[in-house]
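# Survey of secondary and tertiary structure
This is what each chain is made of:
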Amino acid sequence: MRKESALWTICLDPNTAPESTERALDDLLEECRDQFTTFDRVSTEYEPEQLGWAEWVTEKVTSNRIRLSALRRNYWRLEA
């Protein structure tokens, strides 16, 4: 997928990713190394954009669901 401007991340779980995936990632990193950066560089050189209204609502709903789930788990743990 091509985009004019974007920051993409790659995350592999070494416990579940097959070796072929790791080799493919190594090949990609070698082939496109000039297009990759580091977290430290991004966090110091770029300002985060404001969320749009739909992203803001999604973030709030998701955060509240996580908090509610944690409260439920803690409540049931106290009851046991």
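Okay, so let's go over this structure. Here the structure is a predicted model, which means the values were calculated and not measured.

## Let's talk about the overall build of the chain
- On a plain count of helices and strands, the chain comes out with three helices and zero strands.
- Beginning at the N terminus, the succession of helices and strands in the chain can be written as α-α-α.
- Taken over the C-alpha trace, the chain has a radius of gyration of 19 Å; the compact-globule value for 80 residues is 12 Å, which it surpasses by more than 25%.
- On the principal axes, the C-alpha backbone points of the chain span a range of 55 × 35 × 25 Å.
- Considering the chain as a whole, with its 80 residues, one finds that 6% of them fall into the buried category.
- For the chain, the exposed area adds up to about 8,400 Å²; of that, 53% sits on carbon and sulfur atoms.
- For the chain, the centre of its 11 positive side-chain charges and the centre of its 16 negative side-chain charges are spaced 10 Å apart.

## Here's the deal with the environment of Ala17
- Looking at the secondary structure, you find Ala17 in the segment before helix 1 (19-31).
- In contact with Ala17, not counting residues within four places along its chain, are Leu12 and Glu22.

## Here we look at a negative patch on the surface
- Judged by side-chain charge, Glu22, Asp26, Asp27 and Glu31 come together as a negatively charged surface patch.
- Mapped onto the elements, Glu31 comes out in helix 1.
- With relative accessibility at 67%, the residue Glu31 sits in the exposed group.

## Quick word on the state of the cysteines
- If you walk through the whole model with that rule in mind, you get zero disulfides.
- Cysteine Cys32 remains unbridged, with the sulfur of Cys11 as its closest cysteine sulfur at 19 Å.
- Classification of Cys32 by relative accessible area gives buried; the value is 17%.

Parameters at a glance
- Residues numbered from 1 in each chain as written.
- Predicted model: local features only at pLDDT ≥ 70, side-chain atom pairs only at ≥ 80, totals over all residues.
- Heavy atoms only, no water.
- Helix = DSSP H or I, 4+ residues; strand = E, 2+ residues; numbered from the N terminus.
- Rg over C-alpha atoms; globule rule 2.2 N^0.38 Å.
- Buried < 20%, exposed > 50% of the residue type's maximum accessible area, 1.4 Å probe, protein only.
- Areas by Shrake-Rupley, 256 points an atom, 1.4 Å probe, with all protein chains shown as cover.
- Lys, Arg positive; Asp, Glu negative; His and termini not counted.
- Charge placed at Lys NZ, Arg CZ, Asp CG, Glu CD.
- Contact = heavy atoms within 4.5 Å.
- Patch = residues over 30% accessible without salt bridge, like charges linked within 9 Å, V, L, I, M, F, W, Y side chains within 5 Å.
- Salt bridge = Lys/Arg side-chain N within 4 Å of Asp/Glu carboxyl O.
- Disulfide = S-S within 2.5 Å.

From the geometry alone we can't say anything about function, so treat these as descriptive.
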